[in-house]
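Understanding the architecture of this molecule
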Amino acid sequence: MNVLILHAHPEPQSFTTALRDQAVQTLQAQGHEVQVSDLYAMNWNPVASAEDFSDRDNPDYLVYALEQRLGVKTKSLAPDIQQELDKLLWADLLILNFPIYWFSMPAILKGWIDRVLVSGVCYGGKRFYDQGGLAGKKALVTVTLGGREHMFGEGAIHGPLEDMLRPLLRGTLAYVGLDVLPPFVAWHVPYISAEAREGFLVDYRQRLENLEQDSPLVFPRLAQFDEALYPIR
């Protein structure tokens, strides 16, 4: 496979970075090609703006998604966006590697999504979910967080982690057609022993070595809906 790892952590010595390095080592050992986009090291610009286009269809009023479509056709996307889009289209597997911030992802990663998942390529019209532009590719979300595992789930104080990640797993990755694998989670990371962290690294290596055994999460398919997107009974 071709694998793109999106890494979003500001500290090179963090455990999140150790997970990234474990992924690179494990996947390359299996013969896969791996590229890493280290967003903080790249000083990635997370702000979607008119500056993302060297040519505009409407210079007086910015409709970002429409300008993305034109930018793809006329090759007028900003160079940093085009570089990341090329990596994304090259990849068979996308790994998003980040710490949970405020029940969500770091802003720098959200900004990568805003700018790189361009309309006209990744989605557009009724090209979403199983018909999305990235259909046939896989995605794996790898997260670290400070909470303990018992704090997440039905009836737990924070609710299910999958609900927290729904905007990413469903509203982003599944929406553009990716087969979304169950997330890998390292719990309570700032407070556990070095031995416990090493245990997570071993678990992650084993998970990566056996990805073909993972069943993707289930999301809607367009065949379940009519032309107006009402459910077919």
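Residues numbered from 1 in each chain as written. Predicted model: local features only at pLDDT ≥ 70, side-chain atom pairs only at ≥ 80, totals over all residues. Heavy atoms only, no water.

- The name given to the chain in an unreviewed UniProt entry is NAD(P)H-dependent oxidoreductase, with the source organism recorded as Pseudomonas hormoni.
- Within the UniProt record for the chain, the comment given under Sequence similarities (unreviewed entry) is "Belongs to the NAD(P)H dehydrogenase (quinone) family." (UniProt positions renumbered as here; feature names shortened; annotations may be inferred.)

Here's the deal with the pairing of strand 1 (residues 2-7)
- With six of six residues buried, strand 1 is to be regarded as a mostly interior element.
- Burial of strand 1 is two-sided: the residues Asn 2, Leu 4 and Leu 6 facing one way and the residues Val 3, Ile 5 and His 7 facing the other way are all buried.
- Examined bridge by bridge, strand 1 and strand 2 (residues 33-38) share six bridges and lie parallel to one another. If you follow Ile 5 over to strand 2, its bridge partner there is Val 36.
- Handedness of the crossover joining strand 1 and strand 2 through helix 1 (residues 15-29): right-handed. (Buried < 20%, exposed > 50% of the residue type's maximum accessible area, 1.4 Å probe, protein only. Helix = DSSP H or I, 4+ residues; strand = E, 2+ residues; numbered from the N terminus. Pairing = 2+ DSSP bridges. Right-handed = clockwise from strand over helix to strand, strands pointing away.)

Observations regarding the pattern of salt bridges
- A full pass over the atoms with the stated rule returns 11 salt bridges.
- Between Arg 115 and Asp 52 there is a salt bridge, with its nearest N and O atoms 2.8 Å apart. Pair noted here: Arg 115 is in helix 4 (residues 107-116) and Asp 52 is in the loop between strand 2 and helix 2 (64-74), with a separation of 63 residues, a long-range link. Like Arg 115, the residue Asp 52 is buried in the burial classification.
- Among the ionic contacts, a cluster of salt bridges with common partners joins Arg 20, Asp 21 and Asp 38. (Salt bridge = Lys/Arg side-chain N within 4 Å of Asp/Glu carboxyl O.)

Some points on the pairing of strand 3 (residues 93-99)
- Strand 3 sits mainly inside the fold: seven of its seven residues count as buried.
- A two-sided burial pattern is seen for strand 3, the buried positions comprising Leu 93, Ile 95, Asn 97 and Pro 99 on one face and Leu 94, Leu 96 and Phe 98 on the other.
- Where strand 1 and strand 3 come together, five bridges link them in parallel fashion. Looking across to strand 3, one finds that His 7 is bridged to Asn 97.
- As defined by bridge partners, strand 3 adjoins strand 4 (residues 138-144) across seven bridges and the pair is classed as parallel.

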